[in-house]
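In case you want the letters, here they are:
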Amino acid sequence: MKFTAQQIANILTGSITGNPDVEVSDFSKIEEGRPGTLTFLANPKYEAYIYDTKADIVLVNNDFVPSKEIRATLIKVTNAYAALAMLMNQVDQLKPKKRGIEPAACIASSAVVGENCYVGSMAYIGAHTTIGRNCQIYPHAYIGDNVTIGDDSVVYPHVAIYDYCVIGRNCILHAGSVIGSDGFGFAPEGEEYRKIPQLGNVVLEDGVEIGANTTIDRAVMGSTMIRKGVKLDNLIQIAHNVEVGENTVMAAQSGVAGSTKVGSNCMLGGQVGLAGHLKIVDQVKFGAQAGVHRSIEKPGVYIGTPVQPVRDFYRNFAYANQLPELERKIRRLQKEIEELKNIK
């Protein structure tokens, strides 16, 4: 499907510099721009590419001022990156969606599947489970007993949703993710460990997206809670009885240990590790590989292991770089002191 620059500008409420009739039918990166595609410039580091890109339309911020002539048509918007996301979402919504239940799907007689759903071959839906309207359940997905899935949610292949878990509306669960597996609960008895039954569940509120091969453990009692709008990357571990606040995002290979409460609008970089039974307030950002062993009571940016405010980290890092020279000075002073003692 093709769109003109004018049509795109109307969708994004943007202004055009260049040919309003130029047409595009795909997207491309600005450094790899191709004719017939739309790209964007949000990071000033990539400005050099805009002057040579072969893409026909470029989304730019309103305050962008070119330093030389640009061949492409520009569409100026408030936030080019956000506008691109909105436009790509619009295009995605236009894609035809599968409907109907394929013959090899296994659905319990007591399960309820809403209108306009798709259930692929070899997908399993357990007893007393309810699937909302317009859902997409792809082949080889496993949905256990007494599960609830809200309208317009997508469950990709090889997702496993254990019994009694609750998935909200407009959620996306990518391939291989596991929702509701047992938490890591064992009681020591002498030299052995006795398993503690995990009797709770997992609740994903509306608009949550779970990356591929991410695992979220069911609670011992009550619920492991993933609040509205949370976005989890691939290969993340969320332990039992954790709560993740609204609109928090986590990058790949992060892990949150049991019973930790993460606030709203937090950001975790890749490989961040949070110890158990902590409380993280709203609006906290952890840099990649941060090791968090204590509760965080003030919003801000934290990095390092053990984690510390970013300014403290860089100041301490600068001091650490001076340690070799400080050691040499101390050795000289010690030698001078010994020489002075010998003079007496």
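Calculation rules
Residues numbered from 1 in each chain as written. Predicted model: local features only at pLDDT ≥ 70, side-chain atom pairs only at ≥ 80, totals over all residues. Heavy atoms only, no water. Pairing = 2+ DSSP bridges. Helix = DSSP H or I, 4+ residues; strand = E, 2+ residues; numbered from the N terminus. Contact = heavy atoms within 4.5 Å. Axes fitted to C-alpha atoms, helices over the stretch in contact; angles between N-to-C directions. Polar contact = N/O pair within 3.5 Å; in protein donor to acceptor, adjacent residues only side chain to side chain. Parallel < 35°, antiparallel > 145°, perpendicular 65-115°, else oblique. Nonpolar A, V, L, I, M, F, W, Y, C, P; charged D, E, K, R; others polar. 1 Å grid on protein atoms, 1.4 Å probe; cavity = no way out; pocket = protein on both sides within 12 Å on 5 of 7 lines; lining within 4 Å. Points joined across faces, edges and corners; volume = space filled by probe spheres on them. Buried < 20%, exposed > 50% of the residue type's maximum accessible area, 1.4 Å probe, protein only.

Trainee: Is there a simple way to think about the sheet that holds strand β7 (residues 73–77) in this case?
Mentor: The pairing of strands in a sheet comes from backbone hydrogen bonds and takes either a parallel or an antiparallel form. If you walk across this open sheet you meet the five strands as β2-β7-β6-β5-β4, and the pairing is mixed. Every interior strand has two partners, whereas the edge strands, β2 (15–17) and β4 (26–27), have only one. Along the sheet, helix α1 (residues 5–12) contacts β2, β5 (37–41), β6 (57–61) and β7; its crossing angle with β7, the most-contacted strand, is approximately 5°.

Trainee: Sorry, what's going on with the side chain of threonine 224 here?
Mentor: By secondary structure assignment, the location of threonine 224 is in strand β27 (residues 223–226). Side-chain polar atoms of threonine 224 contact the backbone oxygen of aspartate 217, separated by 2.7 Å. Among residues more than four places away in sequence, those in contact with threonine 224 are Asn201, Val202, Val203, Ile216, Asp217, Arg218, Ala219, Ile238, Ala239, His240, Asn241 and Val242.

Trainee: How do you make sense of the packing of α1 against helix α3 (residues 80–94) when you look at a structure like this?
Mentor: If you want to describe how two helices pack, look at the angle between their axes and the distance between the axes. One can describe the packing of α1 onto α3 by two numbers: an axis separation of 10 Å at closest approach and a directional angle of 110°. Here α1 lies roughly perpendicular to α3, going by the angle between them. Side by side, α1 and α3 meet where Ile8, Ile11 and Leu12 of the first sit next to Ala83, Met86, Leu87 and Gln90 of the second. Its residues placed into classes, the contact of α1 with α3 shows six nonpolar, one polar and no charged.

Trainee: What is the right way to look at the layout of surface pockets in this model?
Mentor: The gaps of empty space that remain are located by a probe, the size of a water molecule, rolled over the atoms. The space that makes up the largest pocket amounts to roughly 530 Å³. Lining the largest pocket are 19 residues, with Asp92, Gln93, Lys97, Val154 and Ile172 sitting closest to its centre.

Trainee: How should I be thinking about the pairing of β5 in this particular structure?
Mentor: Strand residues, when the strand is regular, have side chains that alternate between the two faces of the sheet. Among the five residues of β5, four are classified as buried, and the element is accordingly described as predominantly covered. Strand direction decides the pairing type here: β4 and β5, joined by two bridges, are parallel. Bridged to aspartate 26 within β5 is threonine 37. Note that β5 and β6 share four bridges and pair parallel. Note on β6: the bridge partner recorded for leucine 38 is isoleucine 57.

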